[in-house]
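# Structural overview for review
The chain contents come next:
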Amino acid sequence: MTATVQLPIHVRAYVPSGNKPKPGTRRPELPSHWSLVFDCETTTDEAQQLRIGTYQVRVGSRMKEQGFFYDPDALSREELATLRAEAAKQKLRCLTKDGFVETVFYRIGYELRASIIGFNLPFDLSRLALDHNPARRGMKGGFTFRLSEDKYQARVQIRHINRRASFIQFAGKRVQRVSRSERKRGVRRGAKRGHFVDVATLAHALYSRSFTLESLSEFLGTATRKHASEEHGKKLTPDYLRYAMTDVQATWECYCALERHFDRTFGLKHLPLGRIFSEASLGKAYLRAMGIKPWQVCQPDFPDAITGQILSAYFGGRSEVRVRRSVRQVLYCDFLSMYPTVCTLMGLWRFVIADGMSYRDVTEDTRAFLERIDLVDLQSQDTWKRLVVLVQVEPDDDLFPVRAAYGEGPQATIGLNRLSRDTPLWFTLADCIASAALKGKPPKIAKAIAFEPGPPQTGLHKIEVPGGGKVDPARQDFYRALIDHRQVLKSRQADAEGDERDRYNVAQNSLKIIANATSYGGFVEVNVEDLVKPLESLCFGPAETPFPVTVDKAEKPGPFFHPLLATLITGAARLMLALTERQIVDAGLEWVLCDTDSMAIARPEGMCEAEFYRAARAICDWFEPLNPYTQKGPVLKIEDANYRLDGTGELEPLFAFAVSAKRYVLFNLDAEGKPVIRKASAHGLGHFRDPYPEKEAPNGIPAPQVPLADIGVRRWQYDLWHQIILAAFTDTPERVDLSYHPAMNAPAIARYSVTTPMLDGWFKSYNAGKPYARRVTPFNFLVSLTANPLAMPEVGQQGRLNKKRSLRPIAPFDSDPEIAASRAFDRVTGEPVPREALKTFRQALAQYHLHPEEKFLGGGYLDVGTTERRHVEALAVVHIGKEANKWEEQDVLGFDPEAFPSYGTTAEDGERLRGRLERAVAQMSLARVAKLVGSTPFKVQRVIVDEEIGYDRLIALVSSLTNGGQRRVG
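This structure is a prediction, so every number in the text was calculated from the model and none was measured.

### Some words on the packing of helix H15 (residues 429–439) against helix H18 (residues 563–586)
The geometry of H15 relative to H18 is characterised by a closest axis approach of 8 Å and an angle of 10° between their N-to-C directions. Here H15 is positioned roughly parallel relative to H18, judged by the angle of their axes. Relative to H18, H15 is oriented so that their crossing is left-handed. Between H15 and H18, the contacting residues are Ala 430, Asp 431, Ile 433, Ala 434, Ala 437 and Leu 438 on the first element and Gly 571, Ala 572, Arg 574, Leu 575, Ala 578, Glu 581 and Arg 582 on the second. Across the contact of H15 with H18, the residue classes break down as eight nonpolar, one polar and four charged.

### Some points on unusual backbone geometry
Residues other than glycine seldom take positive phi values, yet Ser 337 does so here, at roughly 40°. Among the structural elements, Ser 337 can be located in the loop between strand S14 (328–335) and helix H11 (338–346). Owing to a relative accessible area of 16%, Ser 337 belongs among the buried residues under this scheme. The phi angle at Ser 925 is positive, at roughly 90°, despite the residue not being glycine. Here Ser 925 is to be found in the loop between helix H27 (907–924) and helix H28 (926–933). What makes Ser 925 partly exposed here is its relative accessible area of 34%.

### A few points about the pairing of strand S3 (residues 50–59)
Sheet faces and side chains relate simply in a regular strand, where the side chains alternate between the two faces. The element S3 is largely enclosed, with a buried count of nine among its ten residues. Where strand S2 (residues 34–42) and S3 come together, nine bridges link them in antiparallel fashion. Following the sheet pairing, Val 37 is matched in S3 by Gln 56. In this structure, S3 lies alongside strand S4 (residues 62–70), joined through eight bridges in antiparallel fashion. Note that in S4 the partner of Tyr 55 across the bridge is Gly 67. Taken together, S3 and the strand that follows it, S4, pair antiparallel across an intervening segment of two residues, in which Gly 60 is found at a positive phi of about 65°.

### Quick look at the side chain of Thr 201
As for its position among the elements, Thr 201 is in helix H5 (residues 199–207). Thr 201 gets classed as buried once you look at its relative accessible area, which sits at 5%. Discounting residues that sit within four places of it in the chain, Thr 201 has contacts with Arg 164, Ala 165, Ile 276 and Phe 277.

Scoring rules and cut-offs
- Residues numbered from 1 in each chain as written.
- Predicted model: local features only at pLDDT ≥ 70, side-chain atom pairs only at ≥ 80, totals over all residues.
- Heavy atoms only, no water.
- Axes fitted to C-alpha atoms, helices over the stretch in contact; angles between N-to-C directions.
- Helix = DSSP H or I, 4+ residues; strand = E, 2+ residues; numbered from the N terminus.
- Parallel < 35°, antiparallel > 145°, perpendicular 65-115°, else oblique.
- Left-handed = near helix turned anticlockwise from the far one by under 90°.
- Contact = heavy atoms within 4.5 Å.
- Nonpolar A, V, L, I, M, F, W, Y, C, P; charged D, E, K, R; others polar.
- Buried < 20%, exposed > 50% of the residue type's maximum accessible area, 1.4 Å probe, protein only.
- Pairing = 2+ DSSP bridges.

Written out as structure tokens, the structure is:
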């Protein structure tokens, strides 16, 4: 095994699409005092056809009207009679679906500008549809739904953002919105876009956690609670109809509670609830409330070439495993508000409020700075203010974040590895210092650029923040002010009791959300949109000159896009981790894992526990001079998981078992040597449905001693980690006993929804010839199952050997795996899929604890112990766009190379790669090269001679060739 690998590396690039924010953006129109709350109950098959719905119309809090609506084709005569009788008994309206759409949905929701409220609103809206098409223009990638037979009625558009949020709006009506006389006077009137509030999305944004309607109503303490029902899809009864009406009332009460919390806590009066999609929505609203103009509005003529160089230095957070699949005692520590802290240390708030920024060459100064800087200098806050520098380096076995496809698959990951490249690349000065600290030598600098903020913008004004604080953005560092105020509230919370204590807790948690939301995410926000037609543009990356590209996806910068800040913030956070690593090494200690803002320091064999704690505490103390806040204390904090559960404040030996990045568990051992889990990761498990409910947890596994919410997992995930820990203490740690619960033998199911036109297209064959109400349509909840390759049916063809037929198993949604499996069908053919052709939970999870850490040596499936950084020789630079696009879908559906923009390589890199391939053929023969890379002579020759062949094919061939044919390309 060699530590050197030749790979193409991936860097972020900038491709202008003409979508920069424009000045003078109008505030969004606020909804009227009317509200329409509705909820749908459906059939339980794959079509999920509307059966009945319930709704309330309110003016303010006063009930104006409520009732039922129904699809006549989905109810029997007897059920319809039951529905009408119950409506009459409760004095409620009873409408057909079409009647509800015309007389309530459009009259109240559209004409009267009501807030249209629901829980998981995309599902309920799509139940009202008569048909749909892919959306166009700004909503491309989403759907346009026709709800009315009246062709002049506004259609509803929904574009899925992520598993928690969707953009929803009315499409413009096909009518003239202004009269002739108004047109002569130059009057313009925009389309009514509506006001849609998904309560599930709003709750997650305000509390930074996910809820069901049942758990949300309990959390908020509403008078009406959502309760489970066993009657879904069964014959309608009066009890079920009352249950349905309770659902819509619970949704309304949750909405009111969230509205009160938003008004009292955040005070953003001009932000409609329907425009809150995430914590980032709150962050951007605070920036607007302070009167801050976006950087791209202040400085629209900033050179695209420098923007490309800045983005090429962006790598996000560092997440790695150093000691793999080995139980080690650790002290688990994390940094105090990492991103707000590094923002404050570098003085980045000055850039946020600046009227643009300038830049200058500081190459010689930076070279001298890197030569003389030492660890003591980095304990000075003044040093961190000098890190607003971008550096072009000629990497020669230097330690830098390297984004590459390290494994056999195409998906790229980022690892801090030894990098060599014969042409220069851009990194932050913080990354250069980190490399020097860990390698013992500074990298070779070709060029360095320092950035300075322009004068403060005019028109900035004070704002109130949760807990009664006020911040003046022109005179205070916003991030320091938020953390200072939060620490004051936490101190008050500790001395308070009852409701007062709860109020302080809500306020300080809200400040945490605001600090995180304004200190990073919005600066790197890019929304990927499919283009109606390909666009000719230029790709700006690390090179001095751009190259032409044709793209079918546009990257639209968010309103507060500021790539320099995002790049500097994450670079500084990586430096914090690198300094921790250096302190660990100098102290003779080890480390098991790091994850963005945390690190697990490990006790070496032979070191006594007291000496370990003393040395580890000294590492935490080393960072104290970097505390930029009024209340002094540790910057690198010892986490609560390290302390005894009895509240004595004494340290309890904590152990870590890490598999790969973001896949680890921390635990104590009780008096009998059994694990007591303190913290665990659900990474790689979140897409699975629970094999069994918490109330049916196995008796053989001790119940958690820490709340599951604090551990970070659901009960079945806790049980899985418990078994992994037990196996780790045996002679066969790779063999985890997954027979601890009968449900582990049930077929593995994952929930997913038809959220994009691509997924909708999967069902084209299945839907053919069916009426719309019986089709699988957008936002249907389905269950994805995994075909067992060993049980695939064989398909015979005349004159050829039988071959396995691939199955694409889907089932109507059901939380019970056995019921879901009994209804499984192939999404293309519609034919039933037998249970024996499906993977069980045991099979699907059998290698979870062996997942490789491929970016490092020693990170293979069965490898145990310390991993080693690779030496990456960069074959070429692949320019990519937003790499995190649609990862939620890919958890279930597999890696999709079309999910994010990829712009290719420069012509120079392409020629060099073809030259390597030509030389290999001349030395070894075409046939031998083709065999080595797992391709055919024809395909290899075509790549050599045809420059129109995609760069991805060329890179795959050369990458496989240079690594001994290990990366086969087919």
